[in-house]
Amino acid sequence: MATSEENNALFPIFILTIMALPLVPYTILKLCRAASKKTKSIHCSCSVCTHSGKYRKSIFKRISNFSTCSNLTLVLLWIIMAFLVYYIKHISREIQVFEPFSILGLEPGASDSEIKKAYRRLSIQYHPDKNPDPEAHKYFVEFISKAYQALTDPVSRENFEKYGHPDGRQGMQMGIALPQFLLNIDGASGGILLLGIVGVCILLPLIMAVIYLSRSSKYTGNYVMHQTLSTYYYFMKPSLAPSKVMDVFIKAAEYMEIPVRRSDTEPLQKLFMLVRSELNLDLKNIKQEQAKFWKQHPSLVKTELLIQAQLTRESVALSSALQSDFRRVLELAPPLLEELMKMAIMPRIPQRYGWLRPAIGIVELSQSIIQAVPLSARKAAGASAEGIAPFLQLPHFNEAVVKKIARKKVRTFQELRDMSPQERADLLTQAAGFSAAEAQDVEVVLEMMPYITIEITCETEGEEGIQEGDIVTMHAWVTLKRNNGLVGALPHAPYFPFHKEENYWLLLADSGSNEVWMSQKVSFMDEATAITAASKAIQEAKEGSGASVKEINAAVSEAVEKVRNGSRLVMGKFQAPAEGNYNLTSYCLCDSWIGCDKKTNLKLKVLKRSRAGTRGGLTTEEGPTVEDGLEMEEDDEEDGYDDYESEYSEDDEDGQDTKKTGALSNGVAHGEGSGSSSEGSGTDEE
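Cut-off values and rules
All chains use their own residue numbering, which begins from 1 and follows the written sequence. Where totals are concerned, whole chains, interfaces and linings use all residues; where local detail is concerned, this predicted model gives features only for residues with pLDDT of at least 70, and gives and counts side-chain atom pairs only at 80 or more. The side-chain figures draw on all heavy atoms in the structure; neither hydrogens nor water molecules are used. For helices the rule is a DSSP run of H or I covering at least 4 residues; for strands it is a run of E covering at least 2, with both sets numbered from the N terminus onward. Throughout, exposure labels follow a simple rule: accessible area from a 1.4 Å probe, protein chains only, divided by the maximum for the residue type, with under 20% read as buried, over 50% as exposed, and the rest as partly exposed. UniProt positions are given in the numbering used here, feature names are shortened, and annotations may be inferred rather than shown by experiment. What goes into a patch is any residue over 30% in relative accessible area without a salt bridge, connected to like charges within 9 Å or, for nonpolar side chains (Val, Leu, Ile, Met, Phe, Trp, Tyr), within 5 Å. We get accessible surface area from the Shrake-Rupley algorithm with a probe of 1.4 Å; when it comes to residues, only the shown protein chains can shield them. For this analysis, a salt bridge means a side-chain nitrogen from Lys or Arg found within 4 Å of a carboxyl oxygen belonging to Asp or Glu. For the purpose of counting charges, residues Lys and Arg are taken to be positive, whereas Asp and Glu are taken to be negative. His and the chain ends are not included. Note on charges: their place is set at NZ of Lys, CZ of Arg, CG of Asp or CD of Glu. Note on geometry: axes are lines fitted to C-alpha atoms, helical ones only across the stretch in contact, with angles between N-to-C directions running from 0 to 180 degrees. Working rule for angles: under 35 degrees goes down as roughly parallel, over 145 as roughly antiparallel, 65 to 115 as roughly perpendicular, anything else as oblique. Crossing handedness is read from the near helix: turned anticlockwise from the far helix by less than a right angle, it gives a left-handed crossing, and turned clockwise, a right-handed one. Should any heavy atoms of two residues lie within 4.5 Å, those residues are considered in contact. Under this grouping Gly is polar, as are all residues other than the nonpolar Ala, Val, Leu, Ile, Met, Phe, Trp, Tyr, Cys and Pro and the charged Asp, Glu, Lys and Arg. We call two strands paired when DSSP finds no fewer than two bridges between them. Residues belong to one nonpolar core when they are buried, are Ala, Val, Leu, Ile, Met, Phe, Trp, Tyr or Cys, and are joined through side-chain atoms within 4.5 Å. In this document the domain limits rely on a domain assignment from an automatic tool or a database. The disulfide criterion used throughout: a pair of cysteine sulfur atoms within 2.5 Å. A helix is expected to span 1.5 Å for every residue after the first. The rule is short: rings of Phe, Tyr and Trp, with Trp giving its six-membered ring, pair when the centres are within 6.5 Å, and they are stacked under 30 degrees, edge-to-face over 60, tilted in between. A positively charged side chain is recorded as over a ring if its NZ (Lys) or CZ (Arg) lies within 6 Å of the ring centre. The angle to the ring normal must also be within 35 degrees.

## A short note on unusual backbone geometry
With phi around 55°, N280 is a residue other than glycine that occupies positive phi space. By the secondary structure assignment, N280 is in the loop between α14 (265–275) and α15 (286–294). Take N280: its relative accessible area is 37%, and that puts it in the partly exposed class. Residue K409 is not a glycine yet carries a positive backbone phi of 70°. By secondary structure assignment, the location of K409 is in the loop between α20 (399–406) and α21 (413–418). Exposure remark for K409: the relative accessible area of 58% places this residue in the exposed category.

## Re the UniProt feature "transmembrane region" (unreviewed entry) in the protein
Mapped onto this structure's residue numbering, the UniProt feature "transmembrane region" (unreviewed entry) falls at residues 12–32, 66–88 and 192–213. Annotated as residues 12–32, this span is 100% helix and 0% strand, and its ends, taken at the C-alpha atoms, are 29 Å apart.

## Examining a positive patch on the surface
Taken together, the side chains of K116, K117, R120 and R121 make up a positively charged region of the molecular surface. Looking at the secondary structure, you find K116 in helix α6 (residues 112–126). On the accessibility criterion, K116 (41% relative accessible area) is partly exposed.

## Focus: the packing of helix α11 (residues 226–235) against helix α17 (residues 320–345)
Between α11 and α17, whose axes approach to 10 Å, the crossing angle comes to 45°. Accordingly, the angle class assigned to the pair α11 and α17 is oblique. Pair α11 / α17 crosses with right-handed handedness. Taking contact as the criterion, the partners of T228, L229, Y232 and Y233 in α11 are, on α17, L336, E339, L340 and M343. Each residue belonging to the contact of α11 with α17 can be placed in one class, and the counts come to six nonpolar, one polar and one charged.

## As for the sheet that holds strand β8 (residues 598–606)
With antiparallel pairing, the five strands of this open sheet are ordered in space as β1-β5-β4-β7-β8. Every interior strand has two partners, whereas the edge strands, β1 (354–355) and β8, have only one. Its contacts with the sheet place α17 against β1, β4 (504–510) and β5 (515–522), and it is angled at close to 20° to β4. Along the sheet face, helix α18 (residues 356–371) touches β1, β4, β5 and β7 (580–590) and points at about 15° away from the line of β7.

## Side note on the packing of α6 against helix α7 (residues 134–152)
Contact pair α6 / α7: the axes reach a minimum separation of 11 Å and the direction vectors enclose 170°. The angle between the axes of α6 and α7 places the two elements in the roughly antiparallel class. Where α6 abuts α7, its residues I115, K116, Y119, L122, S123 and Y126 lie against A136, H137, Y139, F140, I144, S145, Y148, L151 and T152. By residue class, the composition of the contact of α6 with α7 is 10 nonpolar, four polar and one charged.

## Focus on the nonpolar core
Judged by nonpolar contacts, the single largest core of 63 residues is most densely connected at L394, F397, M474, L506, L508, F574 and L604. With six residues, helix α23 (residues 436–448) is the largest single contributor of residues to this core. For this core, the two domains that each supply at least three residues are domain 4 (228–393) and domain 5 (451–606). In this structure L604 touches C458, I466, W517, F574, G580, N581, Y582 and L584, once residues within four positions along its chain are discounted.

## Examining the pairing of strand β6 (residues 567–575)
With seven of nine residues buried, β6 is to be regarded as a mostly interior element. Looking at chain direction, strand β3 (residues 471–481) and β6 are connected through nine bridges and run antiparallel. By the bridge assignment, I471 is partnered in β6 with Q575.

## Focus on the state of the cysteines
Scanning all chains against the criterion turns up zero disulfides. Here C590 stays unpaired: no disulfide links it, and the sulfur of C596, its closest cysteine neighbor, is 6.4 Å away. On the basis of relative accessibility, which here comes to 0%, the residue C590 falls in the buried class.

## Quick look at α18
In a regular helix each residue adds 1.5 Å, so 16 residues correspond to 22 Å; α18 covers 23 Å between its end C-alpha atoms and thus fits that length. Within α18, 15 of the 16 residues are buried, leaving the element largely enclosed by the surrounding structure. Residue A372 follows α18 closely and has a positive phi angle near 55°.

## Some remarks on the packing of aromatic side chains
Going through the model one piece at a time under the given rule, you end up with 17 aromatic pairs. Consider the rings of F249 and Y255, whose centres lie 5.6 Å apart with planes at 85°: the pair is edge-to-face. No difference in accessibility class separates F249 from Y255, as the two residues are buried. Consider the rings of F397 and F434, whose centres lie 5.6 Å apart with planes at 85°: the pair is edge-to-face. Of the two residues, F397 sits in the loop between α19 (389–392) and α20 while F434 sits in the loop between α22 (421–430) and α23, which places them 37 residues apart along the sequence. An aromatic cluster is defined as three or more aromatic residues linked by ring pairs; in this entry it consists of Y353, W517, F574 and Y582. Positioned over the ring face of F235 is K251, at 5.1 Å from the centre of the ring.

## Quick notes on the pattern of salt bridges
Side chains carrying opposite charge are able to pair once their charged atoms draw close together. For the structure on display, the rule yields 14 salt bridges. Among the ionic pairs, R261 bridges to D264, the shortest N-O distance being 3.6 Å. Measuring nitrogen to oxygen at the nearest pair gives 2.3 Å for the salt bridge that ties D470 to R609. Remark: R609 occurs in the loop between β8 and β9 (668–671) and D470 occurs in the loop between β2 (451–459) and β3; sequence separation between them is 139 residues. It is possible to trace a salt-bridge network through shared partners that takes in R261, D264, K302 and D325.

Next up, the structure:
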């Protein structure tokens, strides 16, 4: 009886212990991380972003931010633990330890006469002849009688005083901290215990494995469907025009799964009339073009119209039924564009190079979606190769404002950025008619915009000069500066309803041949990870060159300081091509801001091989190369479309011109500023 009660009491304690072992350390870790978070705001504080509600800290927003799956689970587990503590405390009061003196209501060391007197008194109260209650009979037999016997019998009393039990020394007893009904193997409870063991030890891991395998077979690590990657690979071509990137992007399997309802027909037709000018339709055959557009798969039509609603800022015209689909399309856009970018820069056999033109078009589409700027605004206009798109991402700007400031000789976005704050305020208030508050909003956004600097070197480790077939190592320091002092920040994107971190793509490419020699994604958000990666890379490079421990430590310290000041180390390898002079260009492309990209020229001289043997095959960080049999042939059907000119398109005519200025002949280049047009590269050091 006592053993059963003890096991029943230990079971909740056992469960409480199992829960507390992982829960308490995890909660402490979570609280420490929350306490160590920087309170400095990293998002835009202009009035447009504030009114968008994306960063509003209302009580509902705070509850929504707290009500994550992990937080709710954590709270639920603590509630269960509190209940177990209360239950254990309550049940411990009900378990009565066998104490003869306490049962008889006596103090320890009472005389025999006091024991007999107390026994007679309790017998009158609990004896079966006096009290017919079954519980009274049970208490009299199991407690009162045994207590009296233990205290009146000399041997029993001696055993109790010496060993704590009337029967003398007791052997060790082992038990299982499970409820008694689960330990009754002879009855139906034996099946319950067996079912629990089978469920927890066999069925639960099996179900989790099936769910994981079924999901992993459908999605990649970036939560993009494998079918989407196959589709992107199939339609990716080296001559893919920037305006045709949209046609490939919307073919994602995720977008094909968005439901098309009959009730969507009329709202989509109204939306079509609003965005028709952005659909690259031939105005000479507008009827045929419209009919051809609507004959596409309904999911493609719906997705493209919803994306155009974002680009033209016509989302307010959407019906309530389309709003959820609109948000879903935008939520999926960043990871899909990232995978599409990887498909464009994926090394292809036999040259082992990616494609530059589609990569630039993908980044431009990403910028336009985040900033809600139409692709037609990127057409070159006047002195600006970027068009008016960079201006339209600023708050309160439109085409009329751009024309007004153009009359004041401010025709490019870089000219606006290079002005002093007072000059800008005077220009906007006097020429554009902005109020002081609106001019301040523009100033806040311009302070958030990044300035990019690139220091890049290409060399062959352990050898002088670069010879054909060598494995060339590229070292690049990408530095980001903002006027407000931040390094990692969220871009100004009031029309994009989700939080979006800035990401950058560093491409080393030959614009003449449309080849991407090396590529890597760069992020400025996680400083700790960047410090670890830079320290490891510098240490390995110095150890490989035979540097001393003091030199290694000094180089690592210098690298850590650079990272803390807003720089990121990018390293990559590529195989040197055939002998010749190559005019390369390094592109640092931002997927969120328009007009903040950086382009730097780099001259690479490859000598004829004179060293014996060749180095090993090129290994890249971009994953496996594409099999030769799967490579797509170039399709020139885009030639018939009216395409907007990319801001980088002037490089396509340069070819292998060895007289290009702004480059270095030793494989080293330094690029400063943030201009992405041809004027921006004029600051390269000679």
